[in-house]
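Structure at a glance
Residue strings, one per chain:
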Amino acid sequence: MRYWIETLGCPKNHVDSDKLAGLLETQGYDLALSADDADLVVANTCAFIEAAREESIETVLDLAERKQKGARLVVTGCMAERYGEELAAALPEVDLVAGFGESLTVPSTQVALRSKVRSSFDLLNLPRPKSSAPWAYVKIAEGCDRRCGFCAIPTFRGDQRSRSTEEIIAEARALVEGGVKELVLIAQDLASWGHDRRRAGRGEAVEVLDEGGTQPLIELTATLSAEVERVRLLYLYPSGLTTGLIDTILATGVPYFDLSLQHSSRSLLRRMRRWGNAERFLERIESIRRSEPDATFRSSFILGYPGETEDDQRDLLDFIHAAQLDWAGFFTFSSEDGTYAQGLSDQVPHDLALERLREVSELQDTITANKRDALVGTTQRLLIDRPGVGRSVRECPEIDGVVLVDPSLSVGSMVQCRIVASRGTDLEGVSV
Ligand code: SF4
């Protein structure tokens, strides 16, 4: 029996797909060459915003057409979790709609359309197949204890559940033994990893994230860093970027800071029910740059959140100009069921949100291009991801640009390269 998994959405979903693949392989399935060739076709969907949901539905319909006669089509992931009943009713092409951790077994004698039931196992600690690339995501927690105004994730992923240090280290070691050189740690709110376990251990509520080295992620990052060439941390809520965590990240040799900022205007951030403002963010960024001038920064921002004004837009433009981030992603606000923002007045017209997005994107594109140009003539240590493509610590896999290199350089090797040209977000390097 052969399986095929089509994955949409964020890195966290890709890890879930890896775990599903691991589970199916323990059940005797082999990876098919394509969806057309599989007996079990799985669509791991994304429900983050409207555009992601549309793409997920289109993918499911496409897989339904492509799958061979008799093959079973299963829809899982965030859409299945969030809209299981509606999906099952609306997509007769689908044999099974299964939320997180539900069995993917489809009865062979009859088509089963199932509505949402509670997970019978947790994907987090399932084994996963050997990574085909020299890097891998490691999901260290599921769910989130925060309640940002625009975000529906806690409504269907639930509160934070952190994996134990032992489980994470065991997975990291297996990946490293399989040739992985870079671990990319992910979670919905990475900086809060471990707080739920600590709370449970003490049987009391714990105030999160104080300064002074008590943050569980600090120790985990340091421990993993001793096991592997590179450890990269994604999705850091800005108040979680404590002095102790900054020092630890710098000590790993991967001075890459993926800050989940979302905006810079204090009043708008409060409407988003989030921490921070431009001044605090800049102070943190500048202090990191004082310790490590080569530190790389990425963030993402939402345009058109309800109540956003021209002053907020000016605040963001000034912040983007001052922060000189290496990388940034911009998204327009999407009103999601069950979120605080859905009930807010002063919704911003979509055209205006798009106009604001274009304005900040143009500014950031220039900053990113200048940053990339400034690297020409420098020497960087690259991890060769695939033939002809490498990354220094400045580039996160699948999100940032890459360094184009001689295709004969061996995949998985670490190579010193001189950067000889800049091509938009990508660079060209020659080994030295
Ligand atoms: S921290 Fe992230 S996952 Fe958690 S509620 Fe906020 S945006 Fe959503």
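The rules behind the values
- Residues numbered from 1 in each chain as written.
- Predicted model: local features only at pLDDT ≥ 70, side-chain atom pairs only at ≥ 80, totals over all residues.
- Heavy atoms only, no water.
- Helix = DSSP H or I, 4+ residues; strand = E, 2+ residues; numbered from the N terminus.
- Near = heavy atom within 4 Å.
- 1 Å grid on protein atoms, 1.4 Å probe; cavity = no way out; pocket = protein on both sides within 12 Å on 5 of 7 lines; lining within 4 Å.
- Sits in = over half its atoms within 2 Å of the grid points.
- Nonpolar A, V, L, I, M, F, W, Y, C, P; charged D, E, K, R; others polar.
- Pairing = 2+ DSSP bridges.
- Axes fitted to C-alpha atoms, helices over the stretch in contact; angles between N-to-C directions.
- Contact = heavy atoms within 4.5 Å.
- Buried < 20%, exposed > 50% of the residue type's maximum accessible area, 1.4 Å probe, protein only.
- Points joined across faces, edges and corners; volume = space filled by probe spheres on them.
- Core = buried A, V, L, I, M, F, W, Y, C linked by side-chain atoms within 4.5 Å.
- Domains from an automatic or database assignment.
- Phe/Tyr/Trp six-rings, centres within 6.5 Å; stacked < 30°, edge-to-face > 60°.
- Lys NZ or Arg CZ within 6 Å of the ring centre and 35° of its normal.
- Buried area = accessible area lost by both parts, 1.4 Å probe.
- Salt bridge = Lys/Arg side-chain N within 4 Å of Asp/Glu carboxyl O.
- Polar contact = N/O pair within 3.5 Å; in protein donor to acceptor, adjacent residues only side chain to side chain.

At tyrosine 235, a residue that is not glycine, the phi angle is positive and equals roughly 65 degrees. Here tyrosine 235 is to be found in the loop between strand E10 (230-233) and helix H8 (243-252).

As a further point, take the site of the ligand. Close contacts around the ligand come from Cys144, Arg146, Cys148, Phe150, Cys151, Pro154, Gln188 and Arg274, and that covers them all. The cavity where the ligand resides is the largest pocket. Along the lines of polarity and charge, the residues of the shell around the ligand split into five nonpolar, one polar and two charged.

Taken in spatial order, the three strands of this open sheet run E6-E9-E10, and their pairing is parallel. Lying at the two open borders of the sheet, with one neighbouring strand each, are strand E6 (135-139) and E10. Taken over all neighbouring pairs, the strand axes of this sheet differ in orientation by 25 degrees on average, direction set aside. On top of the sheet, helix H1 (residues 11-26) reaches E6 and strand E9 (182-186); it is set at about 95 degrees to E6, its chief contact.

Before going further, it helps to examine the pairing of strand E12 (residues 296-303). Within E12, eight of the eight residues are buried, leaving the element largely enclosed by the surrounding structure. Of the two faces of E12, the one holding Thr296, Arg298, Ser300 and Ile302 and the one holding Phe297, Ser299, Phe301 and Leu303 are both buried throughout. Alignment of strand E11 (residues 256-262) against E12, held across five bridges, turns out to be parallel. Paired with glutamine 262 across the strands is phenylalanine 301, a residue of E12. By the bridge criterion, six bridges tie E12 to strand E13 (residues 327-332) in an arrangement that is parallel.

In this approach, a probe sized like a water molecule rolls over the atoms, and the result shows the empty space that is left. For the largest pocket, the calculated volume is near 1,300 Å³. Along the wall of the largest pocket there are 49 residues; nearest its centre are Cys10, Lys12, Phe48, Tyr235 and Ser300. Of the residues that constitute the lining of the largest pocket, the class distribution is 26 nonpolar, twelve polar and eleven charged. What the second largest pocket holds in volume is close to 760 Å³. If you go around the second largest pocket, you meet 28 residues; those closest to its centre are His14, Asp18, Ser131, Ser132 and Glu398. Going through the elements one at a time, strand E1 (2-7), H1, E6 and strand E14 (379-386) are the ones with two or more residues in the lining of the second largest pocket. Among the elements that line the lining of the second largest pocket, the one with the most residues is H1, at six residues.

With 85 residues, the main nonpolar core has Ile140, Leu236 and Phe319 as its most contacted residues. Ranked by residues supplied to this core, first place goes to helix H3 (residues 78-90) with six residues. Counting only domains with at least three residues in this core, you end up with domain 1 (2-97) and domain 2 (124-370). One finds Leu20, Leu24, Leu40 and Val74 within the second-largest nonpolar core, a separate group that totals eleven residues.

Aromatic ring pairs are reported here in terms of the distance separating the ring centres and the angle at which the planes meet. Counted by the stated rule, this structure contains eight aromatic pairs. By the ring-pair criterion, three or more aromatic residues cluster together here, those being Trp275, Phe281, Phe301, Phe319 and Phe330. Looking at lysine 12, its charged tip hangs above the ring of tyrosine 235, at a distance of 3.5 Å from the centre. A cation sits over an aromatic face here: arginine 273 above tyrosine 340, 4.0 Å from the ring centre.

Let us look at the domain arrangement of the protein chain. Domain assignment breaks the protein chain into domain 1 (2-97), domain 2 (124-370) and domain 3 (379-431). Relative placement of domain 2 and domain 3: their C-alpha centres are 25 Å apart. Taken residue by residue, the interface counts 20 residues in domain 2 and 21 residues in domain 3. Summed over both sides, the interface between domain 2 and domain 3 buries roughly 1,700 Å², with carbon and sulfur atoms accounting for 53% of that surface. It is Pro134, Arg230 and Trp327 in domain 2 that bury the most area against domain 3; as a group they hold 31% of the surface buried on that side. For the interface between domain 2 and domain 3, the tally reads four salt bridges. Glutamate 229 serves as the salt-bridge partner of arginine 381, at 2.4 Å between the closest nitrogen and oxygen. Applying the counting criterion to the domain 2 and domain 3 interface returns 13 residue pairs in polar contact (both at pLDDT 80 or more). Looking at the side of domain 2 that touches domain 3, the elements that each hand over two or more residues are E6, E9, E10 and E12. Its residues assigned to classes, the side of domain 2 that touches domain 3 comprises nine nonpolar, three polar and eight charged.

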